[in-house]
Amino acid sequence: MSLFKRIPESRTCEQVGIPPAFCMRGTWKELTVDDPMAKRAAGAVLNQINNRILKEYHSVCQKLTFDLIIHAHEIIDKPGNDKSSICMTRTVMVMLQVKPNEARFDARVELLCDRSARVVANPIRINSYSDTADCVNDASIRSYCYCH
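Source: prediction; values computed, not measured.

**Quick look at the overall build of the chain**
Here comes step 1: Scanning the chain for helices and strands turns up two helices and six strands.
Here comes step 2: From first element to last, N terminus to C terminus, the chain shows the α and β order β-α-β-β-β-β-β-α.
Here comes step 3: Once the C-alpha set of the chain is aligned to its principal axes, its extents read approximately 50 × 40 × 25 Å.
Here comes step 4: The buried share among the 148 residues of the chain stands at 36%.
Here comes step 5: Considering only intrachain contacts with a sequence separation of at least 6, the fraction spanning at least 24 residues in the chain is 54%.
Here comes step 6: For the chain, the computed accessible surface area is about 9,100 Å², with 52% contributed by carbon and sulfur atoms.
Here comes step 7: Looking at charge distribution, the chain has the averaged site of its 20 positive side-chain charges lying 4 Å from that of its 17 negative ones.

Structure, rendered in structure tokens:
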């Protein structure tokens with residue numbers, strides 16, 4: 001890529017160095033907060049936080065529980081990628097709120113045909129955690145932790 005050459009319409013996020021979690025190419029279709037895909041994506045995010053990111057910190061950080069889905073969108077990146085297809089991976093951007101601290105997270109989730117889900121990258125905390133994580137020094141954990 002060059003500032004002095006025409007940028008091809010067909011360029012991909014990978015070609016320009018944008019990580020999959022931040023690639024927003026495609027059409028966004030709003031999902032209702034009670035849509036099964038939105039609920040599945042939110043559950044995958046909460047599972048990722050509690051069982052992977054905070055796995056070694058359960059003695060100091062509380063387990064987070066689901067509060068509500070703020071909003072969710074399916075990213076349709078190919079023509080015809082809609083609910084009429086029999087079985088295909090779906091990509092959902094979801095923002096959820098958890099308890100006890102009303103933490104809000106944004107994440108990109110792939111919903112797979114076998115009913116499993118894969119969080120594409122660690123969820124991003126989008127509101128302040130202030131002093132609620134003073135019990136941990138690890139900067140990569142602080143935005144997820146709510147101290148006992």
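**Looking at the nonpolar core**
Here comes step 1: Formed by 31 residues in total, the largest nonpolar core has its most connected members in Val45, Ile49, Val92, Val94, Phe105, Val109 and Cys145.
Here comes step 2: At the level of elements, helix H1 (36-53), strand S2 (65-76), strand S3 (90-99) and strand S4 (103-111) are the ones that each hand at least two residues to this core.
Here comes step 3: Sort the elements by how many residues they give to this core and H1 lands first, with nine residues.
Here comes step 4: Setting aside chain neighbours within four positions, we find Ile49 in contact with Leu54, Leu64, Phe105, Pro123 and Tyr144.

**Describing the state of the cysteines**
Structurally, a disulfide amounts to a covalent bond that connects the sulfur atoms of two cysteines.
Here comes step 1: One pass over the structure, following the stated rule, counts two disulfides.
Here comes step 2: Between the sulfur atoms of Cys61 and its disulfide mate Cys145 the distance is 2.0 Å. Note on the Cys61 and Cys145 pair: the S-S dihedral is about -105 degrees, so by sign convention the disulfide is left-handed. One end of the pair, Cys61, is in the loop between H1 and S2; the other, Cys145, is in the segment after helix H2 (139-142), and 84 residues separate them in sequence. For the pair Cys61 and Cys145, one class covers both residues: buried.

**Describing the packing of aromatic side chains**
Here comes step 1: Evaluated as defined, the whole model comprises one aromatic pair.
Here comes step 2: On the basis of an interplanar angle of 5 degrees and a centroid distance of 5.6 Å, the ring pair of Phe105 and Tyr144 is categorised as stacked. Of the two residues, Phe105 is situated in strand S4 and Tyr144 in the segment after H2; the sequence distance between them amounts to 39 residues.
Here comes step 3: For Tyr144, a relative accessible area of 5% translates into the label buried.

**Here's the deal with the pattern of salt bridges**
Here comes step 1: Going through the model one piece at a time under the given rule, you end up with three salt bridges.
Here comes step 2: With its nearest N and O atoms 2.8 Å apart, the salt bridge here joins Arg118 to Glu110.
Here comes step 3: A salt bridge links Asp134 to Arg142, with the nearest nitrogen and oxygen atoms 3.4 Å apart.

**Describing the side chain of Ser143**
Here comes step 1: Along the chain, the position of Ser143 falls in the segment after H2.
Here comes step 2: Those residues within four positions of Ser143 in sequence are excluded, and the remaining contacts are Phe105, Arg125 and Tyr129.

Criteria and thresholds
- Residues numbered from 1 in each chain as written.
- Predicted model: local features only at pLDDT ≥ 70, side-chain atom pairs only at ≥ 80, totals over all residues.
- Heavy atoms only, no water.
- Helix = DSSP H or I, 4+ residues; strand = E, 2+ residues; numbered from the N terminus.
- Buried < 20%, exposed > 50% of the residue type's maximum accessible area, 1.4 Å probe, protein only.
- Contact = heavy atoms within 4.5 Å.
- Areas by Shrake-Rupley, 256 points an atom, 1.4 Å probe, with all protein chains shown as cover.
- Lys, Arg positive; Asp, Glu negative; His and termini not counted.
- Charge placed at Lys NZ, Arg CZ, Asp CG, Glu CD.
- Core = buried A, V, L, I, M, F, W, Y, C linked by side-chain atoms within 4.5 Å.
- Disulfide = S-S within 2.5 Å.
- Phe/Tyr/Trp six-rings, centres within 6.5 Å; stacked < 30°, edge-to-face > 60°.
- Salt bridge = Lys/Arg side-chain N within 4 Å of Asp/Glu carboxyl O.

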